[in-house]
Every structure is written in C-alpha cells, then in structure tokens.
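# Working through the structure, step by step
Letter by letter, the chains look like this.
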Amino acid sequence: MSILRGKHLIIATLSGFLVLGTGFTANAKAKKADNRSTVVNVAFKVSNETDLTNYVYDTVDPNSANYHKYLSPSEFAQKFGQSDSYISSFKSYLNRYHLRTYTYPGNLSLKIRGTKANVNKAFKAKYVKEKGHESKTTYKLPGKLSKQVVAVIGVYAPNPKTKKAAKKTPAKKKAAKKAAYIPSILKSADVPVSDNKPNTNVTGNAFSKKYGALKFADRYQLNNLYDNGLEGQGQRIGIISDSIVHNQDLKIYWAQNGIHDNPNRIHRIYTIDNRKAMQKESKIGGTIPKTEAALDVESASSVAPKADIDIYSGYSNNNLTSLPSAYYTSFMQAISNDLDHQISTSYSPAIESLGGWDDHSATLANYNHALNLMFEQAATEGITVFQASGDSGPYAMGGLKEQHSFSTSPYQVIVGGTTLPYTQKIHHKTITVTKERALGDIDHPSEPFFGGFYEILKGIFHGSGGGFSALNPTPRYQQGIPGVNTFRAITLLNYRPQTHLYTINPHPKILTGTHTGRNLPDVSGNADKQTGYATYFSSDMSTGSDSKGKPILKKYWLIGGGTSYTSPQMAAANAIMNSGRTTSIGFWNSQIYKFAQQTDTPFNPLNDANNNNNLFYTGQPGTLYNQATGLGTINFDKLYQDFNNQDASQ
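Residues numbered from 1 in each chain as written. Predicted model: local features only at pLDDT ≥ 70, side-chain atom pairs only at ≥ 80, totals over all residues. Heavy atoms only, no water.

## Quick notes on the overall build of the protein
From N to C terminus, the protein includes 18 helices and 32 strands. In the protein, the share of contacts with a sequence separation of at least 24, taken over all contacts with a separation of at least 6, comes to 77%. Carbon and sulfur atoms make up 50% of the accessible area of the protein, which totals about 24,400 Å². (Helix = DSSP H or I, 4+ residues; strand = E, 2+ residues; numbered from the N terminus. Contact = heavy atoms within 4.5 Å. Areas by Shrake-Rupley, 256 points an atom, 1.4 Å probe, with all protein chains shown as cover.)

## Quick look at the pairing of strand 5 (residues 100-103)
Of the two faces of strand 5, only one is covered, namely that formed by Thr101 and Thr103; the face formed by Arg100 and Tyr102 stays uncovered. With four bridges connecting them, strand 5 and strand 6 (residues 109-115) associate as antiparallel partners. Paired with Thr103 across the two strands is Leu110, which belongs to strand 6. Taken together, strand 5 and the strand that follows it, strand 6, pair antiparallel across an intervening segment of five residues, in which Gly106 is found at a positive phi of about 120 degrees. (Buried < 20%, exposed > 50% of the residue type's maximum accessible area, 1.4 Å probe, protein only. Pairing = 2+ DSSP bridges.)

## A closer look at the sheet that holds strand 4 (residues 37-44)
Pairing in this open sheet of four strands is antiparallel, and the strands run 5-6-4-9 from one edge to the other. Unpaired on one side and paired on the other, strand 5 and strand 9 (149-153) mark the two borders of the sheet. Direction aside, neighbouring strands of the sheet carry axes that sit 20 degrees apart on average. Here strand 4 pairs with strand 9 via four bridges, running antiparallel. Opposite Ala43, over in strand 9, you have Ala151 as the bridge partner. Seen against the sheet, helix 15 (residues 364-380) touches strand 4 and strand 9 and runs at an angle of roughly 110 degrees to strand 9. (Axes fitted to C-alpha atoms, helices over the stretch in contact; angles between N-to-C directions.)

## As for the pattern of salt bridges
In this structure the tally under the stated criterion is ten salt bridges. Among the ionic pairs, Asp218 bridges to Lys209, the shortest N-O distance being 3.3 Å. Owing to a relative accessible area of 45%, Lys209 belongs among the partly exposed residues under this scheme. Of the charged contacts, one joins Arg518 and Asp522 as a salt bridge, the two residues approaching to 2.8 Å between their closest N and O atoms. (Salt bridge = Lys/Arg side-chain N within 4 Å of Asp/Glu carboxyl O.)

This is a description of form; function is not addressed.
What follows is the structure, encoded as structure tokens:
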C-alpha cells in the first residue's frame, strides 16, 4: 500500500521511507506571479450531520423505512448538501479571481482549478512558519462563505523569504541508473514482492488457481457464486489511483489467466491532469505507482471478469496540487459520479499522525472530517468503499504503534492481510505456516533498496495494518463486539530513534489492555508475498530500441503481496454479489458486525493468540474481533446468503 504524504510519494517501511518525488518549490523570485495550474478543494458542512449519519445506518437496517432507499447525488444535495444559492455565491466570489469552479453533484464540495497565484489571492493565503513542520498556510474567506466550510484542501503559500527553489531529490535518477531489475526497487517498498517468479508455462485456470483470481475464489468461497453465473455483469468497480495502466499489460495478464480479453471495459478518468500529462509522468520514474495501479486493476478485473473498471487517476504533473487534494478529488469525483457501487483504493495521502501531515491549509482533523462526510455520501448512494490497511503492521514512520495509514474512516471497509499455510526454505531457513494467520513477517525481512543481501538490520518487516484510530471514535457498529477496544499484543520489535530503524526484540513481552477509537481493520484476506498473487507490468524504462528506433520496454511478471491486492479483490467480490441482486449491498460495516455475531457466521475470526500477529497485535481467544485481522476472513457464499436473507426478512 502506497502512502502519499504532502507532495511526496512515500513507500512506507518500518525502517523509514523512500522519497520518489519532490517537495513543493517556492518561486525563484517572490514577486513573480506563479501561473502554474493547481487544484484545490473546498469541503462543506452538511445541513444536519446527525441526520446524515442516521440515514447512512438506516439504508442497511431492514427495520427502517429507509432500508435500501439509496439517494442519487441530486437527492443527497436536496436532503443534506449546501443550498444552490450558497454554492452560487461561493462560485461567484472565486470567479472574480479567474478561478474555474466545479460543483461535485451532491453539493458537498467545490473543485477549484486555476493558477497558484490566483488561488492564493482568492483565499488570502499567508505563510506561517511552524516549529518542527514545513509550514502552515492560513486563509481568509468572506464571513458568509466561511461559515459552512469544513476544510480548504491544497492551498499553499510559499515562504516569502525563499530566494531559490528547493533542490530536487536525486532518487529518480538513482533508480533509473541502478535498478537493473525493477522488482528489486519494490522489495523495499510497501508493495511486498516475493523472490519467486510465477511459472508462466502454466496458463488459464491452472495459472489462476496458483497465482490469480481462482486462488482467491477457492480460498474464500466465491465459486458457488461463479457457478450461478455471477461474474460482476452490470457492475462497475472504481479504483482510486495515482497512475496509469496500459491496455497491453492487461491483455497479457488476462490471457495468462484465461480471462476473456475485453479492454473496452476499462475506463480512465483523469481527475487532476489529462491523459498526456499522465503518460509523461509514467516515463520519468513512475514505476512503483504504475505497479500499484496495475495490481489494483488486474486484481479487480480478474476476480470480477465481467465488471467494468473505472480508474480515477489523480496526478499533478507540475507538483502544484497537493496529494491530499488529489486523493480527495479522485474520491469525490467517483462518489459524485454515482456509477460504481464498489470503490477500492490501495494508497493514502498520509499517515494518521500530526507529525506525518503536511497539507498546508487543512488540518489533519478537518481533512478527516471532510473524508468522513464524503464517505457518508457514498453510503447514502449504496456505494461500498474498501481501503487497504497498509503493510507495516500497526507501525509507520516514527516508531509509534498508532500511526496508521490514512484514512481510518468508519464509513470504509478497512481490509487487513493474512498469510496462507505454506512451507518454504527462505534464506537457508525453513519457514512453516500451518494455518491461515495474521500477516506478520518477522522471519524473513525484505531485501533493502538496491541491496543484493538480506539484512535484518535494515528493519524492513511486513505486517497487516491494524490497531486503533487516533482520529475517529469507536463507531456504533463496533460497540459491544467481543474483542473491540481490548487488545493482546507482543513486543516483537524495538524502535531505535537514533537510526529510525526497527530491530527484532530478543525478549518480547505480552501486553494486554484496553483502548478506544475506531478499531481496524474490519476484515482480512491473503496478503503475504510468499503466498501471494501474480502481477504483470511493463516499465517505461527501456532496454534499448528496435529496428525502427522505438524503445523496447522492460516487461515483468512478479509475485506480490500486501493489502494492495486484498482491497480490490474484496471490491470485486462485492461486485460479484451485487451482480445477483436488484439493489446494491451498500454500507457493509453496520451489516457485517451483526452477521459476525450469528451462530452460523460468514467469518473466520482468526483469534488464536499464538503464532498469529501483525507484528504487534495478536488474536484473542473467544472473541469475535482482534486488531490483527478484524472479524477475520470471509466465506463469500455465506455472506451473500446473509445479505439476501436480510432482504427477505424485511
């Protein structure tokens, strides 16, 4: 799972981070107007937030008169959004500064596009230096307009004292020069990659059962739904991404897996820059984002082979749109389009920590509020949103166990990771996993960046993201669930502040206790690179030229892991279930926590305390929930029946 922080793409590891982009740069001359284009979002309050939250829960409560009465974006605007007159006043004000505005259907926010100079004038942006942080930008709006604003996202005022542009990191040049084999870059990234390669001499169903969709389907009981003709027909899956996917790559992947070649079902929506700019980005070092996008689309399109895929690509080629703004833009576009009844993302704009937040105009709390309202709009429309939990256990940069991948919104299904049973000899050591367990890769750390050796001192370990949210309280659907707000943990790792590295603790201790906040993840699935899935992608870093002078692109098959695979697979499984229904399933969480309490539950809770942890949290015997794997893995055949039985009981 990629974490996007500020204007940097950070591939998170437990030992620190790898910067693949550049920071914001100030004007070479402070007095010169900055005419580069940027995208800013203004998120608004709703008319009544309590009523909105109650409506979200009512849409999936069979005892409510609003059960499955999903709203269109225009109906949402009338019921909960800001008034047309208020929106019109806001747009009129911004138009005075030559800014183009777009109202997302639903009247929940405005998308603003214009030059950086004009944006700063309109918002009266002011640079404020903060100790320990890059900067903060304050803004001012006319009183009547500001009263209904939750967050202004992406305004950046440069330091007026800066005379020279900041130097760009050489990371891309180094990557292009040194990386003879692209997957070696990924080994230090939050896209865990196995040392093994898929056997491409095997094709069709045999390949898919070993490396692809049928492996997922066999493990999590999707086959009965396939046998009943449910393949995602009539459904669309939204993928929130920051890169592009080539049709030729998809064709090769589908052919290898025996999936009918239909590139027309792939739709690309560019939410920040256009197609030309995105293609340019992919040629200047976008290998890791491209790989993330490829595995997202390949995972979703293969599990639901007849569903359409909408890729919402948010990327700022000129580095002027903040990544939190790009993330919000892509999600808001997908939700307000109201085409996709399931949306998945495997990246996040930051970590859930003040120290990891550097959007200049929106506070972390305000941004979280804006996301929650946006995801509530999705729920009222019958959209299920899936978010990868991350692959560094509960840890992220800085050594704190509660720095989670953002967002931890209670209106998303946060998807954790497991490892399947296997026996392999890895680095001259035989590793045996006897049953499916939480992903916590303590026995075989990843290869360090550009390293040809496996060095435990680099402290790179992979585990399923999980724990407690610092931003969101415990939602009502988790309250009273055995295991929620209690924990059992083991101190497997020590953090070294001097080196920012993790090391294995030779004397781990068992900790138990209570905590509060939104517990995560909600569900889990196979995400171990050792038991993972095949991905195919081509790199724009060429190996030379053909006889006509055209570049010969590098092409790769790899076996990868991480919750980046599991989240789009879950979204595709939701599309499979929706393809057999007259109304969409909608907001999962309120429903699945109820199903988990049934005698014939569709979940395997993975609550064993031993040999079952995400690098910190373990299972808790006798409970329904734990912070390593949530409610556990899913039997989709039973889950589908539960959703349908609930409809019948209305």
